[in-house]
Amino acid sequence: MIKVTVPATSANVGAGFDALGLALSLHNTVTLEESGRIDIQSSDGSLIPTGTSNLVYRSARAVFDQLGQPLPGICIRQENPIPMARGLGSSSACIVAGILGANALLGSPLTPRQMLTLATSIEGHPDNVAPAMLGGFVTSVYDEGQVYSARKAINEELAFAAFIPNFKLLTEKARAALPKTVERTDAVYNLSRAALATAAFCDGDYELLKVATKDALHQQYRLPLIPGGERVFELAWDLGAYAVYISGAGPTIMAVVHRENSDFFARAEEALMQQPETMAFSLRRMVADNRGAVVE
């Protein structure tokens, strides 16, 4: 039996649309074992597909198919603390778990890049699957069928405040809200800030993140899909966050703060309960996961 633990992820990090992502201290756990039949169950009561449409199964199957190996059946058990359709990489966690687990069952024939490329082909972009697999802060590109990633461990002095609403926002709906073309000035705006955000995380100059996480490509179109989201942005900025951005496609809003700023979390929780438009949000404190997915 193979056990895979995969972290939640927060993609885009403002300006790094489909390219930047980071791993966080919230984890799904999946066990996989070869079997004569398909046996898929949730071990924590979460609702998951139990047939061949299950994303862990489909990802594991992709490994067997790529290697030309038969898969008559498999036993999968999932524990899913990462909330679904909240912009915290729940689907990427399933994809990574399925690929790493299947690779381990077959004796680990695939390289990390091969697995990351396969995960990206399933997910469609590397911004979540790369940090889920590698941990830390990751910038990635998909070029001619291959994924190339650079990883940086996130300093332990940072903490992440996830403002998670009690409603879902499907990625398909969030993507449909985006324009089909962008102005060159907007592209340059994001390119420069994505580069600056990467440098800020690498150098530890977190004061730069307020500027570096500004965005012109997706957040202005997605924020109207998140009731109360604009007020959460204002709240986090007012309380002194280094950065505030929509996590992935949303609806979670992420703030980056200093780990010792416990006053931020106490005041934020109190403020959320004081206004009807923000009562749908709960606050979860997380730190970085610099290990990434673990196979046992």
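Conventions we followed
Residues numbered from 1 in each chain as written. Predicted model: local features only at pLDDT ≥ 70, side-chain atom pairs only at ≥ 80, totals over all residues. Heavy atoms only, no water. Helix = DSSP H or I, 4+ residues; strand = E, 2+ residues; numbered from the N terminus. Buried < 20%, exposed > 50% of the residue type's maximum accessible area, 1.4 Å probe, protein only. Contact = heavy atoms within 4.5 Å. Areas by Shrake-Rupley, 256 points an atom, 1.4 Å probe, with all protein chains shown as cover. Lys, Arg positive; Asp, Glu negative; His and termini not counted. Charge placed at Lys NZ, Arg CZ, Asp CG, Glu CD. Salt bridge = Lys/Arg side-chain N within 4 Å of Asp/Glu carboxyl O. Pairing = 2+ DSSP bridges. Disulfide = S-S within 2.5 Å. Axes fitted to C-alpha atoms, helices over the stretch in contact; angles between N-to-C directions. Parallel < 35°, antiparallel > 145°, perpendicular 65-115°, else oblique. Left-handed = near helix turned anticlockwise from the far one by under 90°. Nonpolar A, V, L, I, M, F, W, Y, C, P; charged D, E, K, R; others polar.

## Some remarks on the overall build of the chain
Part 1 of the argument: Regarding its fold elements, the chain presents 10 helices and 11 strands.
Part 2 of the argument: With the principal axes as the frame, the chain shows a C-alpha extent of 55 × 40 × 35 Å.
Part 3 of the argument: The buried share of the chain, taken over its 296 residues, is 52%.
Part 4 of the argument: Taking the contacts inside the chain whose residues are at least 6 apart along the sequence as the reference set, 73% of them involve residues at least 24 apart.
Part 5 of the argument: Summed over its atoms, the accessible surface of the chain is roughly 12,900 Å², and 50% of this surface lies on carbon and sulfur atoms.
Part 6 of the argument: Across the chain, the centroid of the 24 positively charged side chains sits 3 Å from that of the 30 negatively charged ones.

## Structural notes on the environment of V30
Part 1 of the argument: Looking at where V30 falls in the secondary structure, it is placed in strand β2 (residues 20-34).
Part 2 of the argument: Once residues lying within four places of it in the same chain are set aside, the contact partners of V30 are I2, K3, V4, V56, I76, R77, Q78 and A97.

## Points about unusual backbone geometry
Part 1 of the argument: Residue P251 follows G250 across a cis peptide bond; omega there is 10 degrees.
Part 2 of the argument: Turning to its location among the elements, P251 is positioned in the loop between β8 (243-246) and β9 (253-258).
Part 3 of the argument: Not every positive phi belongs to a glycine, and D18 is a case in point at roughly 60 degrees.
Part 4 of the argument: Its identity is not glycine, yet S108 carries a phi of approximately 60 degrees, on the positive side.
Part 5 of the argument: Its location among the elements puts S108 in the loop between α2 (90-105) and α3 (112-123).
Part 6 of the argument: Looking at S108, the relative accessible area reads 47%, which means it is partly exposed.

## Observations regarding the pattern of salt bridges
Part 1 of the argument: A complete count under the given rule lists 6 salt bridges for this structure.
Part 2 of the argument: Note that R175 is salt-bridged to D18, the shortest N-O span being 2.6 Å. Highlighted residues: R175 in helix α5 (residues 171-176) and D18 in the loop between β1 (2-11) and β2, separated in sequence by 157 residues.
Part 3 of the argument: For E234, the salt bridge identified is with R231, shortest N-O distance 3.2 Å. Taken together, the residues span about one helical turn, with E234 and R231 both in helix α9 (residues 229-238) at a distance of 3 residues.
Part 4 of the argument: Under the relative-accessibility criterion, E234 is labelled partly exposed at 36%.
Part 5 of the argument: In this structure R231 comes out as buried when scored by relative accessible area, which is 19%.
Part 6 of the argument: Look at the salt bridges and you will find they share partners, linking R37, D39 and R77 into a network.

## Things to note about helix α4 (residues 126-134)
Given 3.6 residues to a turn, an α-helix orients residues that are three or four positions apart in the same direction.
Part 1 of the argument: The buried count for α4 comes to 8 of 9 residues, which makes it a mostly enclosed element.
Part 2 of the argument: For α4, the secondary structure elements touched by its buried residues are β1, β2, α2, α3, β5 (137-143) and β6 (146-152).

## Notes on the pairing of β6
Part 1 of the argument: Where β5 lies against β6, 7 bridges are found, and the strand directions are antiparallel. Pairing of F137 across the sheet is with K152, part of β6.
Part 2 of the argument: Hairpin geometry of β5 and β6 is characterised by an intervening segment of 2 residues between the two adjacent antiparallel strands and by a positive phi of about 50 degrees at E144.

## Details of the state of the cysteines
Part 1 of the argument: A full pass over the atoms with the stated rule returns 0 disulfides.
Part 2 of the argument: The thiol of C94 is unpaired, and the distance to the nearest cysteine sulfur, on C75, comes to 16 Å.
Part 3 of the argument: Given the relative accessible area of 13%, C94 is considered buried.

## Re the packing of helix α1 (residues 55-66) against α2
Part 1 of the argument: Two elements in contact, α1 and α2, have axes separated by 7 Å at closest approach and are oriented at 40 degrees. Taken together, the axes of α1 and α2 are oblique relative to one another. Both α1 and α2 take part in a crossing whose hand is right-handed. Judged by residue contacts, L55, V56, S59, A60, V63 and F64 of α1 engage S91, C94, I95, G98, I99, A102 and N103 from α2.
Part 2 of the argument: Across the contact of α1 with α2, the residue classes break down as 9 nonpolar, 4 polar and no charged.

## Some points on the sheet that holds β8
Part 1 of the argument: Ordered by their spatial adjacency, 4 strands build an open sheet running β8-β9-β7-β10, and the pairing between neighbours is antiparallel. Edge positions in the sheet fall to β8 and β10 (281-286), since each has one partner strand and no second. Neighbouring strand axes in the sheet, compared pairwise and without regard to direction, differ in orientation by 20 degrees on average.
Part 2 of the argument: As defined by bridge partners, β8 adjoins β9 across 4 bridges and the pair is classed as antiparallel. Bridging from a neighbouring strand, Y245 pairs with M254 of β9.
Part 3 of the argument: Contacting β7 (158-165), β9 and β10, helix α10 (residues 262-272) runs over the sheet at an angle of about 165 degrees to β10.

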